[in-house]
Amino acid sequence: MLEKTTRSILEWLNYNVLVNFINKFPDEIIEDDGAQLFEMIQHLTGKNLQVKAKFEGVNNRRERILVLHKQYDDLIRLLKENGALLNTIRPEYLLKYSDFTSFQKNNPSLHINSTQKMAEKNFRYLSTDAWVTLFFQILKIYYLGRVTLKNFKNVPGTPQDKLTIEPYQIEGSNLIGISESLLLRWLEIHYEKEKPAQPRRICNFDDDLRDCHIFSAVLQSFVGSNASKAFQ
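The sections below set out a description of the structure shown in this document. (Residues numbered from 1 in each chain as written. Predicted model: local features only at pLDDT ≥ 70, side-chain atom pairs only at ≥ 80, totals over all residues. Heavy atoms only, no water.)

## With respect to the side chain of Thr 5
As for its placement among the helices and strands, Thr 5 is situated in helix H1 (residues 2–16). Relative accessible area serves as the criterion here: at 18%, Thr 5 is assigned to the buried category. Not counting the four nearest positions on each side in its chain, Thr 5 is found in contact with Val 132 and Phe 136. (Helix = DSSP H or I, 4+ residues; strand = E, 2+ residues; numbered from the N terminus. Buried < 20%, exposed > 50% of the residue type's maximum accessible area, 1.4 Å probe, protein only. Contact = heavy atoms within 4.5 Å.)

Below, the structure written as structure tokens:
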């Protein structure tokens, strides 16, 4: 599952963001000290974050690891201040394995099991999971965050009688925010448009969308009942 997710992320980055394509996620981003991640944030926000590490004057590997660790620590803090859910991520999980073991050795007070060296296989899983989580949280706050109630009402193809949104339809929670709720409501609207006799409450992006009936209805809503013609 994780491998499939990283492949999807890789394709999205290459198609939408990166000037220079990469072949492996997150391996090449790790090797490039997170450069592509900052390129993604700049693409989404139009801003250069000031937390990006500067290695001028860094004379040894230990110092370089500390500078890189601080970059990731500052980035995580900044993203959390903007609404990202990143409490499960340690900045050292974003380092490459050799740097992680060196950091762990030189900073034992930061690790409960500092006397036990983490196996590379276990670290790779933690690291990949951390990079995947980081990627999706950046998308959530800087990309999905553009979906607002004001923008929602200006989306072409939405029936006028459906533009009124009740508070219960967009109430956020610990798992789903207002932007996600608006997307779910948008799916509901177009499903109801095509199947008025079968109204359906859509509450999440996994179980409720698994049978693809919702996507089929949305396609029909925009391209007509013979949606297959749109893909010929």
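## Topic: the pattern of salt bridges
Scanning all chains against the criterion turns up 12 salt bridges. In this structure, Asp 33 engages Arg 64 in a salt bridge whose closest nitrogen and oxygen atoms are separated by 2.5 Å. Remark: Arg 64 occurs in helix H4 (residues 61–81) and Asp 33 occurs in the loop between helix H2 (27–31) and helix H3 (35–45); sequence separation between them is 31 residues. Taking relative accessible area as the criterion, Arg 64 reaches 31% and is therefore assigned partly exposed. In this structure, Lys 70 engages Asp 74 in a salt bridge whose closest nitrogen and oxygen atoms are separated by 2.6 Å. Placement of both Lys 70 and Asp 74 in helix H4 is noted, with a separation of 4 residues, approximately one turn of the helix. Beyond isolated ion pairs, a larger network of salt bridges with shared partners links Arg 185, Glu 188, Glu 192 and Arg 201. (Salt bridge = Lys/Arg side-chain N within 4 Å of Asp/Glu carboxyl O.)

## Description of H1
In this model, H1 (15 residues) spans 21 Å end to end at C-alpha, consistent with the 21 Å of a helix rising 1.5 Å per residue. Burial in H1 covers these residues: Thr 5, Thr 6, Ile 9, Leu 10, Leu 13 and Asn 14. Projection of H1 onto a plane perpendicular to its axis shows the buried side chains occupying an angular sector of 165 degrees, all on one side. Exposed positions of H1 whose direction lies more than 90 degrees from the buried face are Lys 4, Glu 11 and Tyr 15. Contacts made by the buried residues of H1 are with H2, H3 and helix H6 (120–142). (Expected span 1.5 Å × (residues − 1). Arc of directions from axis to C-beta.)

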